[in-house]
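Now for the letters of each chain:
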Amino acid sequence: MNLGPIYFSMEILHTIGSLQPYINECKAHQHKVGFVPTMGALHQGHLSLIQQSLKENDITVCSIFVNPTQFNNTNDLANYPRTIASDVQLLEKEGCTVVFIPDEKEIYPSDAFKTLKIDLQGLDKHMEGKYRPGHFTGMVTVVKRLFEIVQPHKAYFGKKDYQQLKIIEFMVSKFKLPIQIVACETLRESNGLAMSSRNARLSAEQRKNAEIIYRALLNAKRNFLSMSVTQLKKQIADEINSCKDFKVEYVEIADADSLKPIIDNKKNNAMAFVACFAGEVRLIDNIHLS
Ligand code: AMP
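Only a predicted model underlies this, so the values are computations on that prediction, with no experimental measurement involved. Every residue gets a number counted from 1 within its own chain, in the order that chain's sequence is written. Under the rules for a predicted model, residues below a pLDDT of 70 receive no local features and side-chain atom pairs below 80 are neither given nor counted, while totals for whole chains, interfaces and linings still include all residues. Side-chain calculation: all heavy atoms of the structure are included, whereas hydrogens and water are not.

Peer 1: So what's going on with the overall build of the chain? Residues and values would help.
Peer 2: In terms of helices and strands, the chain carries 11 helices and nine strands. In this description the radius of gyration comes from C-alpha coordinates, and the expected globular size is given by 2.2 Å times residues to the power 0.38. Computed over the C-alpha atoms, the radius of gyration of the chain is 20 Å, within 12% of the 19 Å expected from 2.2 N^0.38 for a compact globule of 290 residues. The proportion of buried residues among the 290 residues of the chain is 53%. Whether two residues are in contact is decided by their heavy atoms, any of which lying within 4.5 Å being enough. Residue pairs at least 24 apart in sequence account for 72% of intrachain contacts in the chain once pairs closer than 6 positions are excluded. For the chain, the accessible surface area stands at approximately 13800 Å², while carbon and sulfur atoms represent 51% of it. The centroid of the 35 positive side-chain charges in the chain is displaced by 4 Å from the centroid of its 32 negative side-chain charges. Counting from the N terminus, the helices are the DSSP runs of H or I reaching at least four residues and the strands are the DSSP runs of E reaching at least two. Partly exposed describes any residue whose relative accessible area lies between the buried limit of under 20% and the exposed limit of over 50%, with all areas from a 1.4 Å probe on protein chains only and scaled to the type maximum. Computed by Shrake-Rupley with a 1.4 Å probe, the accessible areas treat only the displayed protein chains as cover when residues are assessed. Two residue types count as positive, namely Lys and Arg, and two as negative, namely Asp and Glu; His and chain ends fall outside the count. For charged residues, the charge sits on one atom: NZ in Lys, CZ in Arg, CG in Asp, CD in Glu.

Shown next as structure tokens:
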């Protein structure tokens, strides 16, 4: 009896031509495929997604691709940390089955692949969408492209990038893709700072002071019923801005599903979202308030 492939050591694949036959062989034996798309510079937050996928599937594919079309700022793209050798080691140690590391030509063989036509129904209008124009079009384009290449049963995304998660869920339902999106909790440093590839660019002092972000969000959660939306937003911004080197870009309180800002005091299903700069480094975080 042929039970299909047995997965010993991690495959490191760079081309669609090598990845697809591998996945087809797994699927021919009814093996379930989990997928974790990343931009590399992996940390424990990414690895928690890999662990969840490994638990729920027979094979786990992790992609590493720093997608140029989702960066609205060329400096941010140039400075994005790239640590492929240690990423591969971490994934191997975790027991990941395949790491897919395509180059730009593989993902975008022509300009026709670079912009997915999709109306995101306003999900991309506020918060990150407002401050990073074009970011979500680039992100949703690359994720759809990667989904078509990998064709997983399940794909794993972090709630740290909550607006991204909601846009991907919408895209999957819009195109009726047979992929289950699994939302994973945000992993944090011991001081509460949400883990992020960008944290590597923080000075030791900024990293320590960055605890203010989650602390301000937790305070907002605590005061949620007793304060107005305007007061809550101001309180979060003031707390973060009071920290040396930190500057808030936006604070928003929005509906967890529509992502529309809450302006009245309707407080069901509310979340707080924040983006701020610590020196040159842009950080985001969020919390469920109700
Ligand atoms: P990135 O490499 O930043 O594109 O992230 C790849 C995936 O990892 C996305 O689904 C992120 O939301 C998720 N992720 C990033 N940071 C964290 C974290 N601290 N906890 C959980 N998931 C995370």
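Peer 1: A description of the nonpolar core should follow, citing residues and the corresponding values.
Peer 2: By nonpolar core is meant a set of buried Ala, Val, Leu, Ile, Met, Phe, Trp, Tyr and Cys residues that side-chain atoms within 4.5 Å join together. Counting residues in each nonpolar core, the largest one holds 48 residues, and the members touching the most others are Leu19, Val61, Phe147 and Ile181. By residue number, the principal contributor to this core is helix α7 (residues 135–150), which donates nine residues. Excluding residues within four positions of it along the chain, Val61 makes contact with Leu19, Ile23, Val33, Gly34, Phe35, Val36, Val98, Phe100 and Val150. Membership of the second largest hydrophobic core comes to 30 residues, among which are Leu193, Ala216, Val248 and Ile262.

Peer 1: If you had to explain the pattern of salt bridges to someone new, which residues and values would you point to?
Peer 2: One speaks of a salt bridge when a side-chain nitrogen belonging to Lys or Arg is within 4 Å of a carboxyl oxygen belonging to Asp or Glu. A complete count under the given rule lists 18 salt bridges for this structure. Linking Glu128 and Arg132 is a salt bridge whose minimum nitrogen-to-oxygen distance equals 4.0 Å. A single burial state applies to Glu128 and to Arg132, both of which are buried. For Glu185, the salt bridge is made with Lys159, and the minimal N-O distance between the two is 2.7 Å. Of the two residues, Glu185 is situated in the loop between β6 (180–184) and α9 (204–209) and Lys159 in the loop between β5 (154–158) and α8 (162–174); the sequence distance between them amounts to 26 residues. Classification of Glu185 by relative accessible area gives exposed; the value is 54%. Three or more residues joined by partner-sharing salt bridges are found here, namely Asp76, Glu128, Arg132, Arg198, Glu249 and Arg282.

Peer 1: For the site of the ligand, give the residues involved together with the corresponding values.
Peer 2: Proximity is defined per residue: any heavy atom of the residue falling within 4 Å of a molecule or strand makes that residue near it. With respect to spatial proximity, 17 residues lie near the ligand, and among them Met39, His46, Asp161, Leu187 and Met195 are the closest. In protein, a polar contact means a hydrogen-donor-capable atom and an acceptor-capable atom, both N or O and within 3.5 Å, with residues adjacent in sequence counting only if both atoms are side-chain atoms; elsewhere, any N or O pair within 3.5 Å suffices. The contact in question runs from an oxygen atom of the ligand to an N or O atom on the side chain of His46, over 2.9 Å. In this structure, a nitrogen atom belonging to the ligand sits 2.9 Å away from a main-chain N or O atom of Met195. In the complex, 93% of the free accessible area of the ligand, which totals 480 Å², lies under the protein chains. For the shell around the ligand, the secondary-structure elements that each account for two or more residues are β2 (33–38), α2 (44–56) and β5. Charged residues are taken to be Asp, Glu, Lys and Arg, nonpolar residues to be Ala, Val, Leu, Ile, Met, Phe, Trp, Tyr, Cys and Pro, and polar residues to be all remaining types, Gly included. In terms of residue class, the shell around the ligand is built from seven nonpolar, seven polar and three charged.

Peer 1: I'd like to hear about empty space enclosed by the protein, residue by residue, with values.
Peer 2: Put plainly, a pocket is an open set of points on a 1 Å grid over the protein atoms alone with protein on both sides within 12 Å along at least five of seven lines, a cavity is a set where a 1.4 Å probe fits but cannot get out, and a lining residue has an atom within 4 Å of a point. Grid points are joined across faces, edges and corners, and a volume is the space filled by probe spheres set on the points. For the structure shown, the criterion picks out one cavity of 30 Å³ or more. The space that makes up the largest cavity amounts to roughly 50 Å³. Lining the largest cavity, in full, are Lys160, Gly192, Leu193, Ala194, Ser196, Asn199, Ala210, Ile213, Tyr214, Leu283, Ile284 and Asp285. Within the residue set of the lining of the largest cavity, elements represented by two or more residues are α10 (211–223) and β9 (281–288). When residues in the lining of the largest cavity are grouped by element, the largest group, three residues, is from β9.

Peer 1: Please set out α8 residue by residue, giving values where relevant.
Peer 2: Here, expected helix span is obtained from the residue count minus one, scaled by 1.5 Å. Over its 13 residues, α8 extends 18 Å from the first C-alpha to the last, a length consistent with the 18 Å expected when each residue adds 1.5 Å. For α8, the buried fraction is high: 10 of the 13 residues fall into the buried class. Buried within α8 we find Tyr162, Gln163, Gln164, Leu165, Lys166, Ile167, Ile168, Phe170, Met171 and Val172. Of the surrounding secondary structure, the elements contacted by the buried residues of α8 are α6 (128–131), α7, β5, β6, β8 (270–278) and β9. At the C-terminal side of α8, Lys176 shows a positive phi close to 50 degrees.

Peer 1: I'd like a description of the pairing of β9, backed by residues and values.
Peer 2: Buried residues dominate β9, accounting for seven of its eight residues. If DSSP finds at least two bridges between two strands, the strands pair. Bridging between β8 and β9 involves eight bridges; their strand directions are antiparallel. Directly across from Ala275, in β9, lies its bridge partner Ile284. The antiparallel hairpin formed by β8 and β9 contains two residues in its connecting segment, where Gly279 sits at a positive phi of about 60 degrees.

Peer 1: Tell me about the sheet that holds β8, and please be specific about residues and values.
Peer 2: Strand order in the open sheet formed by three strands is β7-β8-β9, with antiparallel pairing between adjacent strands. Strands with a single pairing partner mark the edges of an open sheet, and in this sheet they are β7 (246–255) and β9. Within the sheet, the average angular offset between the axes of one strand and its neighbour, ignoring direction, is 15 degrees. In the packing of helix α11 (residues 229–241) onto the sheet, the strands contacted are β7 and β8, and the crossing angle to β7 comes to about 155 degrees. Axis definition: a line fitted to C-alpha atoms, limited for helices to the stretch in contact. Angles are taken between N-to-C directions and run from 0 to 180 degrees.

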